[in-house]
Amino acid sequence: MADLTAGLNPAQKKAVLKTEGPVLILAGAGSGKTTVLTHRIAYLIEQGVKPYNIMAITFTNKAAREMKERVEKITPFGKDVWVSTFHSSCVRILRRDIERLGYTSQFTIYDSDDSERLIKEILKELNISDKDFSPKMVMGKISEQKNELISAKAFLETAEEDFRLKTISKVYTEYQKRLKQNNALDFDDLIFKTVQLFAQNPDILDKYREKFLYIMIDEYQDTNSCQYNLIRQLSSKYRNLCAVGDDDQSIYGWRGANIRNILDFEKDFKNAEVIKLEQNYRSTKVILDAANTVIKNNISRKSKELWTENETGGLINAVGLESDFEEAAFIASEIEKGVKNGGEYKDFAILYRNNAMSRVIEDRFVRSSIPYRLLGGVPFYGRKEIKDVMCYLKVLYNPSDDIAIKRIINVPKRGIGTATIEKVSIFAEDSGMSFFEAILNAEDIPEIKSRSKKLKDFAGVISNFREASEELKISELIEKIISETGYRDELESENTAEALNRIDNINELISKAFEFENTSERADLSAFLEEVALVADIDSYSEDDDTVVLMTLHSSKGLEFPNVFIAGFEEGIFPSYRSILSDNPNAVEEERRLCYVGITRAKKQLYFTYARSRMQHGQTISNAPSRFLKEVPMDFIEKHKAPDSKNEEKQATFRNKASYNPMGNKEYFTYGKIPAPKNVTLDFKEGDKVRQIKYGVGVVKNIAPAGADFEVTVEFPEAGTKKFMAMLSKNTLKKV
DNA sequence: TTACTATGGATTTTT
DNA sequence: TCCATAGTAA
């Protein structure tokens, strides 16, 4: 085995070698954290630790896959290391022992769509107005509780006399009851129930403690309290826990991630060693400095400052456009320019705050014939037709899954409407049967005589499929389902572009199933359902295709591109209105972290674009440029130059550009909030010649103390006299 | 039961 | 603007 620390910097080396006891690795963006993690695993194995005694937890399947691949590349024993996501780890643990909690190991996993359907049903049954208590809101609240490890019972107690909370806790209680009846767990339950299983069964917990002697967890800043608890349970005996994360990249607070987990690590794990990875291997100096100065405006963070040996690089482009259409046109023209100059489409990424913003850009790309891919939006497995087919499979696997049955009982149309479904539900509830059992006894259901045949037919169809599922491969089973139920025929007879697209999607599902059968070791229905339930769209992102990539800032975390556009860089969009209006100051800080994530995706070139007016919800709105733009040092920013006027179309598009240029407004840039640096060393004195990245060579006229920093006045032959803050300009202002 | 029309709501989403 | 859903007519 090669030297595992070769080529690593001192901090990285330390992180690899420090195997015993709790360690927190604060890994800045682009600091080589995956390398450190994989080498650390290999080093552990080299030291004699058994691969199966090592656990590495990630948040995404993609991260897990990548880590596994890289570990296997450096050590032949890598395949026995337990590398997986929180959720799939928990599924594995629960499949084994969930009987202790009164579920069976055949449980199915509900995605948020399934959960919401169930909530909706419950609200109806409990006669709670979904106007005052929207299923989404209730679901969110319940999820919040679960993330905080608060059970329905505990929640009811804290609710006390608060009517709203009491109502929600009632729904929560019923929701859990129904999940159990359906033998189903939602995403939050996967973790929650595992924690519960461990807490109530010390023998099981002990088994895993003895198994996972070394635990590593990636993206630690994104853990919620429930996940934190799980980690604590597993690691508290041997205390060989290595958490890797970056508090500045905590952008999932709204999903229950608790930033305190990383901020308080040393408090929670006594004698923890903290290692900072601050050298960045990704971005230019300018991009990195911009990221540093922006994030410094946040109060709650660990001190950390990225630096790099990379080149200084070009200035950041801040471009104000007249409208969202022109913004899209500008982005398209820059990409065309870049490609003409030898770049590739895949070198460009467009990041935006919300998915709706992709539309205008897509339209423009289609017109300009720029190949692009959209990440996010409606996920493949969330599409109606895919969910329909998957629900058939779910019903075959888990007959107690009422939500799945109700979804497909009238898809395609079988003349079984909501009224009938309701009656069956009530009958099932009264007689203590599952929905499916009730259908089997349809003739006993009162006031339903005329429909009982249809119900029986449906039950027959399902039983028939269930029998077939014993022998058929999954891809064949899906084929059988969509042809015998008439699902495909129904779509074909519609003969619209949309219907054809749905058929394509189903075919795609069949080929995915086919691929699954041929690549997984465990190719049964259970494994397939699990795979589908636990994958995300981002998992399938690969950089092989030469296309521009469009995605939200959130989805971009962990990725990198030579050229990045952050579009819609406007107040109200980024930061979002909600965060601005929120009484929680942390909300804007999280947006700023998101901005930091966005900036640090860029390797070479970064653009901020913003429009004076844009269409939103069918109305034209105007926003000021984002406050974050003011936080980027002015001398890192290049004003946008008017595009090539030879191109007529472009000329027309940009003709109003000159009238809108907030960058010209001096007041626009203030540095008031940036804390003064402690020690500044200058490599020039008054009278020296210096080179500034934007204005060229000039002469230092004056150096005056300003707080803990120095204000440097430089006279340029062309640009005239300019003032710079020494600390901020350390990479862009140098002696010649 | 189904098929059409009105209405309202619209961040971010690793699983 | 665009979507999902609730309500109504047939």
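Residues numbered from 1 in each chain as written. Chains lettered and ligands numbered in written order. Predicted model: local features only at pLDDT ≥ 70, side-chain atom pairs only at ≥ 80, totals over all residues. Heavy atoms only, no water.

Draft legend 1. Looking closely at the overall build of chain A. A count of helical and extended segments in chain A gives 29 helices and 23 strands. Once the C-alpha set of chain A is aligned to its principal axes, its extents read approximately 100 × 65 × 55 Å. Taken across its 736 residues, chain A has 54% of its residues classed as buried. Here the contacts in chain A between residues at least 6 apart in sequence split such that 74% fall between residues at least 24 apart. Approximately 33,200 Å² of chain A is accessible, and the part contributed by carbon and sulfur atoms is 49%. (Helix = DSSP H or I, 4+ residues; strand = E, 2+ residues; numbered from the N terminus. Buried < 20%, exposed > 50% of the residue type's maximum accessible area, 1.4 Å probe, protein only. Contact = heavy atoms within 4.5 Å. Areas by Shrake-Rupley, 256 points an atom, 1.4 Å probe, with all protein chains shown as cover.)

Draft legend 2. Structural context of the protein's contact with DNA strand C. If you check the shell around DNA strand C, you find Met615, His617 and Gly618 and nothing else. Expressed as a percentage, the sugar and phosphate content of the atoms of DNA strand C within 4 Å of the protein is 22%. Taking His617, its main chain carries an N or O atom lying 3.3 Å from a base oxygen of DNA strand C. (Near = heavy atom within 4 Å. Polar contact = N/O pair within 3.5 Å; in protein donor to acceptor, adjacent residues only side chain to side chain.)

Draft legend 3. Main features of the pattern of salt bridges. On inspection of all chains with the given rule, the structure shows 56 salt bridges. Two residues, Lys296 and Glu305, come together in a salt bridge whose shortest N-O distance is 3.3 Å. Residue Glu305 is classed as partly exposed on the basis of its relative accessible area, which comes to 26%. What you see here is one network of salt bridges that share partners, running through Asp111, Asp113, Asp114, Arg117, Lys384, Lys387, Asp388, Lys394 and Arg407. (Salt bridge = Lys/Arg side-chain N within 4 Å of Asp/Glu carboxyl O.)

Draft legend 4. Quick look at the confidence of the model for chain A. On average, chain A scores 86 in pLDDT, and the residues at 70 or more come to 92%. Per-element mean pLDDT across chain A ranges from 31 in helix H29 (residues 648-654) up to 97 in strand S15 (residues 561-566). (pLDDT = per-residue confidence, 0-100.)

Draft legend 5. View of the packing of aromatic side chains. Tallied over the full model, the rule gives 20 aromatic pairs. Measuring from ring centre to ring centre gives 5.1 Å for Phe380 and Tyr381, while their planes differ by 80°; the resulting arrangement is edge-to-face. Like Tyr381, Phe380 is buried. One Lys or Arg, Arg92, reaches over the ring of Trp82 and ends 3.7 Å from the middle of that ring. The ring of Phe436 carries Arg466 above its face, with NZ or CZ at 5.0 Å from the centroid. (Phe/Tyr/Trp six-rings, centres within 6.5 Å; stacked < 30°, edge-to-face > 60°. Lys NZ or Arg CZ within 6 Å of the ring centre and 35° of its normal.)

Draft legend 6. How the structure looks around the sheet that holds strand S6 (residues 214-217). Strand order across the open sheet formed by 6 strands is S3-S2-S6-S7-S1-S8, with parallel pairing between neighbours. Two strands lie at the open edges of the sheet, namely strand S3 (82-85) and strand S8 (273-277), each paired on one side alone. Strand-to-strand twist in this sheet, taken as the mean axis angle between neighbours without regard to direction, amounts to 15°. Looking at chain direction, strand S1 (residues 23-27) and strand S7 (residues 241-245) are connected through 4 bridges and run parallel. Paired with Leu24 across the strands is Ala243, a residue of S7. (Pairing = 2+ DSSP bridges. Axes fitted to C-alpha atoms, helices over the stretch in contact; angles between N-to-C directions.)

Draft legend 7. Representation of the environment of Asn354. Checked against the element boundaries, Asn354 lands in the loop between strand S12 (348-352) and helix H16 (358-367). You can call Asn354 partly exposed: its relative accessible area is 29%.

Draft legend 8. Here's a closer look at a negative patch on the surface. Negative charge collects at one region of the surface, where Glu344, Glu543, Asp544, Asp545 and Asp546 lie side by side. In this structure, Glu344 sits in the loop between helix H15 (324-340) and S12. (Patch = residues over 30% accessible without salt bridge, like charges linked within 9 Å, V, L, I, M, F, W, Y side chains within 5 Å. Lys, Arg positive; Asp, Glu negative; His and termini not counted. Charge placed at Lys NZ, Arg CZ, Asp CG, Glu CD.)

Draft legend 9. Just the nonpolar core, in detail. If you look at the biggest cluster of nonpolar residues, it comprises 62 residues, and the most contacted ones within it are Leu190 and Leu234. Here this core gets 6 residues from one element, more than from any other, and that element is helix H9 (residues 187-200). Look past the residues within four positions of Leu190 in its chain and what remains in contact with it is His87, Cys90, Val91, Leu94, Phe107, Ile109, Leu185 and Leu534. The next biggest cluster of nonpolar side chains, apart from the first, holds 60 residues, and it includes Phe330, Phe365, Val548 and Phe561. (Core = buried A, V, L, I, M, F, W, Y, C linked by side-chain atoms within 4.5 Å.)

Draft legend 10. Representation of the packing of helix H1 (residues 10-17) against helix H2 (residues 33-46) in the model. Two elements in contact, H1 and H2, have axes whose closest approach is 8 Å; the angle formed by their N-to-C orientations is 40°. Classified by the interaxial angle, the pair formed by H1 and H2 is oblique. H1 and H2 meet at a crossing whose hand is right-handed. Of H2, the residues touching H1 (which contributes Gln12, Ala15, Val16 and Leu17) are Val36, His39, Arg40 and Tyr43. Here the residues of the contact of H1 with H2 sort into 5 nonpolar, 2 polar and 1 charged. (Parallel < 35°, antiparallel > 145°, perpendicular 65-115°, else oblique. Left-handed = near helix turned anticlockwise from the far one by under 90°. Nonpolar A, V, L, I, M, F, W, Y, C, P; charged D, E, K, R; others polar.)

Draft legend 11. Spotlight on H16. Buried within H16 we find Ser358, Ile361, Glu362, Arg364 and Phe365. Projected down its long axis, H16 shows its buried positions confined to an angular sector of 165°, all on one face. Every exposed residue of H16 that faces more than 90 degrees away from the buried side is listed here: Arg359, Val366 and Arg367. (Arc of directions from axis to C-beta.)

Draft legend 12. Geometry of unusual backbone geometry. Here the amide bond leading from Val411 into Pro412 is cis, since omega sits at -5°, within 30 degrees of zero. Within the element layout of this structure, Pro412 appears in the loop between helix H18 (402-408) and helix H19 (418-431). Residue Phe574 is joined to Pro575 through a cis peptide bond whose omega torsion reads 5°. Tracing the backbone through its elements, the reader meets Pro575 in the loop between S15 and helix H26 (577-581). Positive phi, close to 50°, is recorded for Glu219, a residue that is not glycine. Checked against the element boundaries, Glu219 lands in the loop between S6 and helix H11 (225-235). A residue is classified by how much of its surface remains accessible, and Glu219, at 17% relative accessible area, is buried. One non-glycine residue, Asn271, lies in positive phi territory at about 65°. Looking at where Asn271 falls in the secondary structure, it is placed in the loop between helix H13 (265-268) and S8. Overall, Asn271 belongs to the exposed group, its relative accessible area being 71%.

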